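# Observations on the three-dimensional arrangement
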Amino acid sequence: SNSDEALELCMEMYTKRPKTILDTHDEGRGEDKGKYFGENALHVLIVNKREQELLELIDLAAKTLTTKELKTLYHAQATGDFFKDAPMRFYGSSVLGFATAFSMKETITKLLRQTSDEKSKMFEILDLNNKEQACKQTGFLPLHVAVANSLKEMYKFLKDLPDLKHLPQLRAEPCAAMTAAP
């Protein structure tokens, strides 16, 4: 259950045992991956619109996890049966995709700021334009997620990154199909 009490208990557990942040749903067998396969703590906090706790977890992960573990955490994709139909199909599977679908600008800014810092363990782990980080089910990058969910403000945000103006290389780049004239 994603009740407030359950989420608070999870946050307490993550604080005491930070490696559990890496746990994902993997209840399936063989071809049947299960309903929530691949979903991790970050995905759950995003869909429950718990951005403050999400930001705390991002800080905790940055302090306690290795670079390899951070890559595993942020590249996790929620691809279980629950995510195959609309509207969940349009969340983008990745942490950045989910954060886009739920308009979590502060989270996206924090993650991109960390990934741009050469001294950070997060350096170059996330990229809004890296097709290898796209949703495995739809091929969506975060900018596609904004379009698929009719989030004009998020589309503009990802293209402009107003709090990261000094890092233009981080901005989302529209693909040719997005910029073609009708």
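The following refers to the structure shown. Everything numeric in this text was worked out from a predicted model, so none of it was measured.

Cut-offs and rules
- Once a new chain begins, its residue numbering starts again from 1 and follows that chain's sequence as written.
- Totals for whole chains, interfaces and linings use all residues, but because this is a predicted model, local features are given only for residues with pLDDT of at least 70 and pairs of side-chain atoms are given and counted only at 80 or more.
- Based on all heavy atoms of the structure, the side-chain values leave hydrogens and waters out of the count.
- In this scheme, patches are assembled from residues that exceed 30% relative accessible area and form no salt bridge. Like charges are connected within 9 Å, while nonpolar side chains (Val, Leu, Ile, Met, Phe, Trp, Tyr) are connected within 5 Å.
- Computed with the Shrake-Rupley method and a 1.4 Å probe, the accessible areas treat only the protein chains shown as cover for residues.
- The salt bridge criterion pairs a side-chain nitrogen of Lys or Arg with a carboxyl oxygen of Asp or Glu, the two atoms within 4 Å.
- By the counting rule applied here, Lys and Arg register as positive and Asp and Glu as negative, while His and the ends of each chain are not counted.
- For charged residues, the charge sits on one atom: NZ in Lys, CZ in Arg, CG in Asp, CD in Glu.
- Each helix corresponds to a stretch of at least 4 residues labelled H or I by DSSP, and each strand to a stretch of at least 2 residues labelled E; elements are numbered beginning at the N terminus.
- Per-residue accessibility, obtained with a 1.4 Å probe over protein chains only, is compared with the maximum for each type, and a residue is labelled buried under 20%, exposed over 50%, and partly exposed between these values.
- Aromatic contacts are taken between Phe, Tyr and Trp rings whose centres are within 6.5 Å, Trp giving its six-membered ring; a plane angle under 30 degrees counts as stacked, one over 60 as edge-to-face, and the others as tilted.
- Nonpolar cores are built from buried Ala, Val, Leu, Ile, Met, Phe, Trp, Tyr and Cys residues. Side-chain atoms within 4.5 Å join them into one set.
- A contact between two residues is defined here by any heavy atoms of the two lying within 4.5 Å.

## Re a negative patch on the surface
Taken together, the side chains of Asp 117, Glu 118, Glu 124 and Asp 127 present a region of like negative charge at the surface. Within the secondary structure layout, Glu 118 lies in the loop between helix 6 (105–116) and helix 7 (142–148). Looking at Glu 118, the relative accessible area reads 65%, which means it is exposed.

## Considerations on the packing of aromatic side chains
Inspection of the entire model under this criterion finds seven aromatic pairs. Aromatic side chains Tyr 36 and Phe 82 sit 5.2 Å apart centroid to centroid with 50° between the ring planes, which places their arrangement in the tilted category. Taken as a pair, Tyr 36 in the loop between helix 1 (4–16) and helix 2 (41–47) and Phe 82 in the loop between helix 4 (67–75) and helix 5 (95–101) lie far apart in primary sequence, 46 residues in all. By relative accessible area, Phe 82 is classed as partly exposed at 31%. On the basis of an interplanar angle of 70° and a centroid distance of 5.0 Å, the ring pair of Tyr 91 and Phe 102 is categorised as edge-to-face. Of the two residues, Tyr 91 is situated in the loop between helix 4 and helix 5 and Phe 102 in the loop between helix 5 and helix 6; the sequence distance between them amounts to 11 residues. With respect to class, Tyr 91 is no different from Phe 102; both count as buried.

## Points about the nonpolar core
One finds Ile 46, Leu 57, Tyr 74, Ile 108, Leu 111 and Leu 158 to be the most contacted residues of the largest nonpolar core, which totals 50 residues. At the level of elements, helix 1, helix 2, helix 3 (51–64), helix 4, helix 5, helix 6, helix 7 and helix 8 (152–160) are the ones that each hand at least two residues to this core. If near-sequence neighbours (up to four positions away) are discounted, Tyr 74 is found in contact with Leu 42, Ile 58, Ala 61, Val 95, Leu 111, Met 122, Ile 125 and Leu 126.

Function cannot be read off these values alone, since they describe shape.
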